[in-house]
Amino acid sequence: MKSLFAIAVIMFAFSAGFAQNEQSPIVEKDITYKNWTLKSIRTGEDVTLRDLTHGKKLVIVVYYAPWCMNWRHDAPFLQRFYDKYKANGLEIVAVGEYDPLSSMKNNLEYLKLTFPAVYESENRTDKQKTQHYEYRRSTGDMRNWGSPWYILLEPAAFEKKGDTLVKRSHVINGEMIETEGEKFIRQKLGLPADDTKADISKSGKIEVCDPDKKSATLVKP
């Protein structure tokens, strides 16, 4: 009986390690981040970032690969943030990478995501050819695939003209720490602080997000 209990504990720890394993704090970095126009995953229409940010206080741009477990870990609480704070000036936009458009559409439906979503690339062979790759490497993200990767933009600080939006911004080189993320959002939206405290103790062993590597079963959110 004791041996069975020990095995169960080990299996739980193993699955938890896959559930969240690339958590990273919010840090401010020098980054020349430019405006973009990309196609909507849902409709195929052009979406321009500068237009999308109009009237917003904080815009979270999250780059992701649909097959990545780390993205699937973050997506449900990003949707919660979107529902809770969009009326206060929050915008979230996801930028899909390294998977066919059909997979991106299925991923949005499966995770029940309603915030805007566009795509930059559709092939895994494009990994080192994307702006996503250039941006995250410029901020010190040395992960293989870099999913998810965040830049947190304050439109009030944007350059008024030209392609460059900012030359310095907050980024997350990995999964968002949920409590830290919500604290940051509330601060930037001018909302009173709550009692939530950031916890990075669950980061665990870093496991590369690899589309060819088998992982623990995904629990549908």
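The structure presented is a predicted model; accordingly, all values stated were derived computationally and were not measured.

**Some thoughts on the sheet that holds strand S8 (residues 149–153)**
(1) Moving on: Read across the open sheet, the 8 strands follow the order S2-S9-S8-S5-S6-S7-S3-S4; overall the sheet is mixed. Bordering the open sheet on either side are strand S2 (27–34) and strand S4 (46–48), each of which pairs with just one other strand. Averaged over all neighbouring strand pairs, the angle between strand axes comes to 40°, with direction disregarded.
(2) Moving on: Summarising the sheet, strand S5 (residues 58–64) and strand S6 (residues 90–96) pair through 7 bridges and their orientation is parallel.

**With respect to helix H5 (residues 131–138)**
(1) Moving on: Within H5, the full set of buried residues consists of His132, Tyr133, Tyr135 and Arg136.
(2) Moving on: Buried residues along H5 sit in contact with S2, S5 and S8.
(3) Moving on: Just beyond H5, the residue with positive phi is Gly140, at close to 95°.

**Observations concerning the confidence of the model for the chain**
Parts of the prediction with low pLDDT should not have their coordinates interpreted in detail.
(1) Moving on: Within the chain, residue pLDDT values average 87, and 81% of them lie at 70 or more.
(2) Moving on: Note that pLDDT drops below 50 for residues 215–221; the model gives that stretch 13 contacts with residues more than four away or on any other chain.

**Section: the pairing of S6**
(1) Moving on: In terms of residue burial, S6 counts as a mostly covered element, since 7 of its 7 residues are buried.
(2) Moving on: In S6, alternate side chains face the same way, and those of Leu90, Ile92, Ala94 and Gly96 on one face and Glu91, Val93 and Val95 on the other are all buried.
(3) Moving on: Crossover connection from S5 via helix H3 (residues 69–85) to parallel S6: handedness right-handed.
(4) Moving on: As defined by bridge partners, S6 adjoins strand S7 (residues 117–119) across 3 bridges and the pair is classed as parallel. Across the sheet, residue Ala94 finds its bridge partner in S7, namely Ala117.

**Let's talk about the packing of aromatic side chains**
By convention here, two paired aromatic rings are described through the distance between centres and the angle between planes.
(1) Moving on: One pass over the structure, following the stated rule, counts 8 aromatic pairs.
(2) Moving on: Look at Trp67 and Trp145: their rings are 5.2 Å apart centre to centre, the planes differ by 85°, and that puts the pair in the edge-to-face class. Of this pair, Trp67 sits in the loop between S5 and H3 while Trp145 sits in the loop between H5 and S8, and the two are 78 residues apart along the sequence. You'll find Trp67 and Trp145 in the same group, each marked buried.

**A short note on unusual backbone geometry**
(1) Moving on: Residue Pro148 is bonded to the preceding Ser147 through a cis peptide linkage, with omega at -5°.
(2) Moving on: Although it is not a glycine, Tyr98 sits at a positive phi angle of roughly 60°.
(3) Moving on: In this structure, Tyr98 sits in the loop between S6 and helix H4 (101–111).
(4) Moving on: Take Tyr98: its relative accessible area is 2%, and that puts it in the buried class.

**Some words on the environment of Phe184**
(1) Moving on: Structurally, the position occupied by Phe184 is in helix H6 (residues 178–188).
(2) Moving on: Here Phe184 falls in the buried class, since its relative accessible area comes to 9%.
(3) Moving on: The spatial distance from the C-alpha of Phe184 to the C-alpha of Leu152 is 9.7 Å, given a sequence separation of 32 residues.
(4) Moving on: Setting aside residues no more than four positions away along its own chain, Phe184 makes contact with Ile26, Leu58, Leu152 and His170.

Conventions used here
- Residues numbered from 1 in each chain as written.
- Predicted model: local features only at pLDDT ≥ 70, side-chain atom pairs only at ≥ 80, totals over all residues.
- Heavy atoms only, no water.
- Pairing = 2+ DSSP bridges.
- Helix = DSSP H or I, 4+ residues; strand = E, 2+ residues; numbered from the N terminus.
- Axes fitted to C-alpha atoms, helices over the stretch in contact; angles between N-to-C directions.
- Buried < 20%, exposed > 50% of the residue type's maximum accessible area, 1.4 Å probe, protein only.
- Contact = heavy atoms within 4.5 Å.
- pLDDT = per-residue confidence, 0-100.
- Right-handed = clockwise from strand over helix to strand, strands pointing away.
- Phe/Tyr/Trp six-rings, centres within 6.5 Å; stacked < 30°, edge-to-face > 60°.

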